[in-house]
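Here is how the chains run, residue by residue.
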Amino acid sequence: GENVEQHPSTLSVQEGDSAVIKCTYSDSASNYFPWYKQELGKRPQLIIDIRSNVGEKKDQRIAVTLNKTAKHFSLHITETQPEDSAVYFCANSGGSYIPTFGRGTSLIVHP
Amino acid sequence: ETGVTQTPRHLVMGMTNKKSLKCEQHLGHNAMYWYKQSAKKPLELMFVYSLEERVENNSVPSRFSPECPNSSHLFLHLHTLQPEDSALYLCASSQNLAGTETQYFGPGTRLLVL
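What comes next is a walk through the structure. (Residues numbered from 1 in each chain as written. Chains lettered and ligands numbered in written order. Predicted model: local features only at pLDDT ≥ 70, side-chain atom pairs only at ≥ 80, totals over all residues. Heavy atoms only, no water.)

Structural notes on the overall build of chain B
Cut-off, in case you're wondering: Put simply, DSSP H or I for four residues or longer makes a helix, DSSP E for two residues or longer makes a strand, and each gets a number counted from the N terminus. Put simply, the radius of gyration uses C-alpha atoms, and a globule should come to 2.2 Å times the residue count raised to 0.38. Two residues form a contact once any of their heavy atoms are found within 4.5 Å.
Of the regular secondary structure elements, chain B holds zero helices and eleven strands. Written out in order from the N terminus, the α and β elements of chain B read β-β-β-β-β-β-β-β-β-β-β. Expected size for 114 residues packed as a compact globule is a radius of gyration near 13 Å; at 13 Å, chain B falls within 12% of this value. Expressed as lengths along the three principal axes of its C-alpha atoms, the size of chain B is roughly 35 × 30 × 30 Å. Sequence separation of 24 or more characterises 54% of the internal contacts of chain B that already satisfy a separation of 6 or more.

Next up, the structure:
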């Protein structure tokens, strides 16, 4: 089945720094790549997504880039704030209608 | 935060108990999912329903039994669970069963099996 590798598992940054989380996948038929944020004790929520016909998408301080040739996509958070602290999950789907999730990255933003 | 609701939010049960988890979505979606979330592991898909029909059973032990009486409600019936089944059980829904659909998650049921 599809395999999604997510790195790093933990990321610690100072407030104001940038954070980058990367995921690699194996299914070349994948065409949808969402990112979910899960704050402590809360549900995962979609924060940004990208489809395979686009290389980059930006929403304020959050951006996602996709490299279909290399089969990887990344989440970029600029000017991090303490409220960005959470677990972030990448996912991909398309080859199958069922999304496959990465293991998650615990982002800690120190004030 | 009321699009997908789950009850109970917390559940403690013994290995011989029978209990049920309930999920309800108020979004008019046609697909619903059960996930298991354990510490240090990826989200594990358990079951998928589309228009009340089960379309995926991801090698889940028979001590977990799903039920989808209509497109708004999803249940997970539990019996003779093991301590390793302790986890957060998340329900999700999406408009349709398509790989490009956003999933909307419920708050989860935190289950502890003693």
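Some remarks on the pairing of strand β5 (residues 45-51) of chain A
Definition in use: Two strands are said to pair when DSSP picks up at least two bridges between them.
Relative to β5(A), strand β4 (residues 32-38) of chain A runs antiparallel, the two sharing six bridges. In the strand pairing of β5(A), K37(A) is matched with Q45(A).

Points about the environment of L112(B)
All names here are of chain B. Position of L112 among the secondary structure elements: in strand β11 (residues 109-113). Taking C-alpha positions, L112 is 6.4 Å from M13, a pair spaced 99 residues apart along the chain. Those residues within four positions of L112 in sequence are excluded, and the remaining contacts are L11, V12, M13 and S86.

Quick look at the interface of chain B and chain A
Rules: Accessible area that two parts lose when put together, evaluated with a 1.4 Å probe and summed over both, is termed the buried area. What makes a salt bridge here is a side-chain nitrogen of Lys or Arg within 4 Å of a carboxyl oxygen of Asp or Glu, nothing more. Side-chain atoms alone can form a polar contact between residues adjacent in sequence; in general such a contact is a pair of N or O atoms within 3.5 Å, and within protein one must be able to donate a hydrogen while the other accepts it. Under the grouping applied here, Gly and all other residues not named as nonpolar or charged are polar, the nonpolar ones being Ala, Val, Leu, Ile, Met, Phe, Trp, Tyr, Cys and Pro and the charged ones Asp, Glu, Lys and Arg.
On the chain A side, the residues contacting the 26 residues of chain B number 21 residues. Both faces considered, chain B and chain A share a buried interface measuring about 1900 Å² in area, 54% of it formed by carbon and sulfur atoms. Between chain B and chain A we count zero salt bridges in total. The interface formed by chain B and chain A includes six residue pairs in polar contact (both at pLDDT 80 or more). Contributions of two or more residues to the side of chain B that touches chain A are made by β4 (31-37), β5 (44-50), β6 (53-57) and β9 (87-94) of chain B. Grouping the amino acids of the side of chain B that touches chain A by side-chain chemistry returns 14 nonpolar, six polar and six charged.

Comments concerning the side chain of T102(B)
Structurally, T102(B) can be placed in the loop between β9 and β10 (104-105). For T102(B), the side chain forms a polar contact with the side chain of Y32(A), separated by 3.1 Å. Every residue in contact with T102(B), bar those within four places of it in the chain, is listed here: Y32(A), Y36(A), L46(A), D49(A), S93(B) and S94(B).

Points about the state of the cysteines
Residues and elements named next belong to chain B. So the rule is basically this: Only a pair of cysteine sulfur atoms within 2.5 Å qualifies as a disulfide here. Only protein chains enter the accessibility calculation, which uses a 1.4 Å probe; a residue is then buried when its area is under 20% of its type maximum, exposed when over 50%, and partly exposed in between.
Within the structure shown, the criterion is met by two disulfides over all chains. Through a disulfide, C23 is tied to C91; the S-S separation comes to 1.9 Å. Judged by the torsion about the S-S bond (-70°), the C23/C91 disulfide is left-handed. Taken together, the residues C23 in strand β3 (residues 18-25) and C91 in strand β9 connect sequence positions 68 residues apart. On the basis of relative accessible area, C23 is assigned to the buried category, the value being 0%. Considering cysteine sulfurs only, C91 is the nearest to C68, which forms no disulfide, with 9.1 Å between them. A relative accessible area of 11% places C68 in the buried class.

A short note on the pairing of strand β8 (residues 73-79) of chain B
All names here are of chain B. As defined by bridge partners, β3 adjoins β8 across seven bridges and the pair is classed as antiparallel. Paired with K18 across the two strands is H79, which belongs to β8. As judged from the five bridges shared by strand β7 (residues 64-70) and β8, these two strands associate in the antiparallel manner. Residue pairing across strands places S65 opposite H77, the latter belonging to β8. Turn length for the β7-β8 hairpin, with the two strands adjacent in sequence and antiparallel, is two residues.

Topic: the side chain of S93(A)
Inspection of the secondary structure puts S93(A) in the loop between β9 (86-92) and β10 (100-101). Contact partners of S93(A), with chain neighbours within four places excluded, come to S30(A), N31(A), Y32(A), I98(A), P99(A), G99(B) and T100(B).

Notes on the environment of S93(A)
We classify S93(A) as buried; its relative accessible area is 3%. Residues S93(A) and E39(A) lie 54 residues apart in sequence; the distance between their C-alpha atoms is 23 Å.

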